[in-house]
Amino acid sequence: TTRRNTLVPVSRPFSLLPRTTLSPPRRRSAPEILLGATKYSTAVDMWSVGCIFAELLLKEPLFQAKGEIELLSMIFKLLGPPTPHSWPEYTTLPLA
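Residues numbered from 1 in each chain as written. Predicted model: local features only at pLDDT ≥ 70, side-chain atom pairs only at ≥ 80, totals over all residues. Heavy atoms only, no water.

1. Description of the nonpolar core
Of all hydrophobic cores here, the largest spans 10 residues; its members are Leu-34, Leu-35, Ala-37, Cys-51, Phe-63, Leu-71, Leu-72, Ile-75, Trp-87 and Leu-93. Among the elements that line this core, the one with the most residues is helix α3 (residues 68-79), at three residues. Contacts of Trp-87, omitting those with residues within four sequence positions, involve Pro-31, Glu-32, Leu-35, Phe-76, Pro-82 and Leu-93. (Core = buried A, V, L, I, M, F, W, Y, C linked by side-chain atoms within 4.5 Å. Buried < 20%, exposed > 50% of the residue type's maximum accessible area, 1.4 Å probe, protein only. Helix = DSSP H or I, 4+ residues; strand = E, 2+ residues; numbered from the N terminus. Contact = heavy atoms within 4.5 Å.)

2. A look at the environment of Cys-51
Within the secondary structure, Cys-51 is located in helix α2 (residues 42-58). A residue is classified by how much of its surface remains accessible, and Cys-51, at 2% relative accessible area, is buried. Residues Cys-51 and Ser-29, spaced 22 residues apart in sequence, show a C-alpha to C-alpha distance of 8.9 Å. Apart from residues lying up to four places away in sequence, Cys-51 is in contact with Arg-27, Arg-28, Leu-62 and Phe-63.

Laid out in structure tokens, this is it:
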């Protein structure tokens, strides 16, 4: 049997990919996922990697929220609220 290539073509390295059930734990979810994005780029994965590195340094979860709204609040408190300059696509997210 032949296997089909399931990788993203090199000409489209940052294309938007559909969200899967293999998403990270909520405490490591990127803000765009929490705000209802159904497609994402590698930036979402890099967010999770950053959270993991912070947890390794802190020896505890970076965000210890009980729910998604509290998690978003903690993220925006740490990084500041989104602005048109820092995150132009923010207003297009379903739950923004």
